[in-house]
Amino acid sequence: MDTESTYSGYSHYSGRSRGSHRHGERSRDRHKSRSKDSRSEKSVTINTPPAEPLLGDSTARSEQAQDDNWGETTTAITGTSEHSLSQEDIVRITKDLEDSVGLDCRRYFTRAVAVILGLLVFLTPLAFLTLPHILWPEKLQSCGTACEGLFISVAFKLLILLLAVWALYFRPARAGLPRVFVFRVLLAVLVFLLVVSYWLFYSVRILDSQDTNYQGVVQYAVSLVDALLFIHYLAVVLLELRQLQPCYSVCVTRSTDGATRHYNLGQLSIQRAALAVVENYYSDFPIHNPALLSASKSRAAKHLAGLKVYNVDGPGNNTSAGLVQSQSRAMIAAAARRRDTSHNELYYEEAEHERRVRKRKARLVVAVEEAFTHIKRMQDEEQKKAPGDVMDPREAAQAIFPSMARALQKYLRTTKQQHCHSMESIQQHLAFCITNNMTPKAFLESFLTPGPSLQYSRDHWRARQWTLVSEASVTSGLKDGTTFLLKCVDFSLVATSKKIPYIQMSEEYIDPKSHKFVLRLQSETSV
Amino acid sequence: MSFVPGQPVTAVVQRIEIQKLRQGDKLILGFSIGGGIDQDPGQNPFSEDKTDKGIYVTRISPGGPADVANLRMGDKIMQVNGWDMTMVTHDQARKKLTKQKEDVVRLLITRKSLEETVSQSKGKNPKPCTYANEKQNLNDVMYTNNVR
């Protein structure tokens, strides 16, 4: 297997070049021609939808100078890593190759190959049917009824195949993953081999010998379409159905504040599991708020702040490593012995903060409730009577917003959420709530509890650059105990997978008539 | 007075004889019983072991025949006229006590204080006592019964 590498931060460059799946056909064998390149690196990038290509370009260019020697740009590879060569010079060579080819080319290349393969697949049966008519029409037997029936069958099967391919592959790309899907490459190769072998047989046995039995040719074309449909069935099973049955439970923890969630995933490769984790992250995890973490950092800084180490022995007595070690041990011991009252401060500070938050919340709730009483929805029959003061939701929101703005702002400042909500977004939210007849409590809910990242404005969760750090190859499957890291700019998500245990269930039959009860008595009798 | 199922029950008992009193056309004893194998032993306030399903004296009418005969509240009745009371239902116990043809009942009862008295007196008497001597000394009976 490949050697391990856990370089992460430098795959901005590689990440952009990954070539996300385009809307349009999924590339089934986009890396076929690059199969000669192999790589040893495993730290790769997951690109969420490439919404900011400009941004990506600039970072790529800036990073280019730096990561000359890191060489972990993982372009196309075959899925199997037995053939991978883990030498750095090869890596560097292929990196240069990629530089010359260009970063966008990869995406277009894969699309082009997919389109070519698709056209080949669809036109081959039609070619099989029409070529005899073109090349030796006079020798050809006429098509009887059975043969014409087969025409209909070919037509409908091709139509079904077209619809099925459209349904499965013509979906907008969700993400750009670092390495190819092994299954996709396999299926593409399989399709290609099938078509090529059919063509070989056709050209040798039918074209060369100019077979006159047209019905045989039609049946041959029908068998090709059948085989293609079966390969499509195989594709559905491998790509869609196999990972549906939950097999592993992945525990995801955010590194900054420890928020943890558990997800059940099926048998996926590590990169696809990482993609599933990121997609679930946006809707499950409360938004990452860096302002809440500063308190613990300042506390930690204060612990060792009051100590200073003096070296009493002469300067040349210890080696530097030993000196540093003894210094740090001395500091730890001294810090442990010191009478530390920081826990006291923490307790009172938290109690005070709690009290302040509750007070502000009470004021906010009252202000919002009062503000909501100032407007009411106008009924239809009143519409004719008072055309003057009629407002649409946005104006109504603007009208009542000033009365609650101060209380809301103070509350957001106290809970350190003020950067998550802009004035515009708050007013939009207010207009939305008014339009949908929501109560003040419903309006306030998004401010009182920090919601998932999806809830906030788009810059909080749009197109983020995620880096997948993994010790195992990212195309290898999830196993029990696999750990991988998803790094973002501000924080990272640590994911650990555990196998869902085999459940042995046995049955116990209870006769419905066996449910009998008696009263518990404690009677007293006089004798 | 706990017991181990299958093992003989051992207890220190006292013999009490109660003369029934005629009241109207009934003979009464002047106390109430509780307990039995068909009752809930956990609600018995007098038993030490809350799984004990024996018959207990729950109330004594003051001045009645039982009071006169020195029956105390909380006593566990082990035998009535030779009939075992440790493994009977509440109704069976009542029947054995209220047979209208008998006008005297001889009970074997046990209580915690009897055990203490026995152990105290054993301590005071350093010389080894035989079983028979002890019986005569204290006017007690070592009660043994096989409980199923």
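Everything numeric in this text was worked out from a predicted model, so none of it was measured.

Caption draft 1: Focus on the overall build of chain B. When you go through chain B residue by residue, the secondary structure sums to four helices and nine strands. For chain B, the α and β elements follow one another from N to C terminus as β-β-β-β-β-α-β-β-α-β-α-α-β. In chain B, 69% of the contacts between residues at least 6 apart in sequence involve partners at least 24 apart. Carbon and sulfur atoms provide 50% of the accessible area of chain B, an area that totals close to 8,400 Å².

Caption draft 2: Molecular detail of the interface of chain B and chain A. Contact with chain B, which involves 18 residues of that partner, is made by eight residues of chain A. At the boundary of chain B with chain A, total buried surface from both sides reaches about 1,100 Å², with 45% on carbon and sulfur atoms. Summed over the shared surface of chain B and chain A, the number is zero salt bridges. On inspection of chain B and its partner chain A, the count reaches seven residue pairs in polar contact (both at pLDDT 80 or more). Broken down by secondary-structure element, the contributors of at least two residues to the side of chain B that touches chain A are strand 4 (31-35), strand 5 (55-60) and helix 2 (90-97) of chain B. Among the elements that make up the side of chain B that touches chain A, the one with the highest residue count is strand 4 of chain B (five residues). Its residues assigned to classes, the side of chain B that touches chain A shows five nonpolar, ten polar and three charged.

Caption draft 3: Region of the structure containing unusual backbone geometry. Phi angles above zero are rare outside glycine, and Lys416(A) is one such case at about 60°. Tracing the sequence through the fold places Lys416(A) in the loop between helix 12 (393-414) and helix 13 (423-435). Positioned with a positive phi, Asn70(B) is a non-glycine residue whose angle comes to about 70°. Checked against the element boundaries, Asn70(B) lands in the loop between helix 1 (65-68) and strand 6 (76-80).

Caption draft 4: Geometry of the UniProt feature "transmembrane region" (unreviewed entry) in chain A. Following the UniProt record, one finds the feature "transmembrane region" (unreviewed entry) at residues 108-129, 149-169, 181-200 and 220-239 of chain A. Structurally, residues 149-169 of chain A is divided into 100% helix and 0% strand, and its ends, taken at the C-alpha atoms, are 30 Å apart.

Caption draft 5: Quick look at a positive patch on the surface. Residue and element names in this part refer to chain A. Judged by side-chain charge, Arg356, Lys359, Arg363, Arg406, Lys410 and Lys416 come together as a positively charged surface patch. Within the residue set of the positive patch, elements represented by two or more residues are helix 11 (342-372) and helix 12. A per-element tally of the positive patch places helix 11 first, with three residues. Residue placement: lysine 410 occurs in helix 12.

Caption draft 6: Layout of the side chain of Gln417(A). Along the chain, the position of Gln417(A) falls in the loop between helix 12 and helix 13. Taking the relative accessible area as the measure of exposure, Gln417(A) reaches 6% and is therefore buried.

Definitions and limits used
- Residues numbered from 1 in each chain as written.
- Chains lettered and ligands numbered in written order.
- Predicted model: local features only at pLDDT ≥ 70, side-chain atom pairs only at ≥ 80, totals over all residues.
- Heavy atoms only, no water.
- Helix = DSSP H or I, 4+ residues; strand = E, 2+ residues; numbered from the N terminus.
- Contact = heavy atoms within 4.5 Å.
- Areas by Shrake-Rupley, 256 points an atom, 1.4 Å probe, with all protein chains shown as cover.
- Buried area = accessible area lost by both parts, 1.4 Å probe.
- Salt bridge = Lys/Arg side-chain N within 4 Å of Asp/Glu carboxyl O.
- Polar contact = N/O pair within 3.5 Å; in protein donor to acceptor, adjacent residues only side chain to side chain.
- Nonpolar A, V, L, I, M, F, W, Y, C, P; charged D, E, K, R; others polar.
- UniProt positions renumbered as here; feature names shortened; annotations may be inferred.
- Patch = residues over 30% accessible without salt bridge, like charges linked within 9 Å, V, L, I, M, F, W, Y side chains within 5 Å.
- Lys, Arg positive; Asp, Glu negative; His and termini not counted.
- Charge placed at Lys NZ, Arg CZ, Asp CG, Glu CD.
- Buried < 20%, exposed > 50% of the residue type's maximum accessible area, 1.4 Å probe, protein only.

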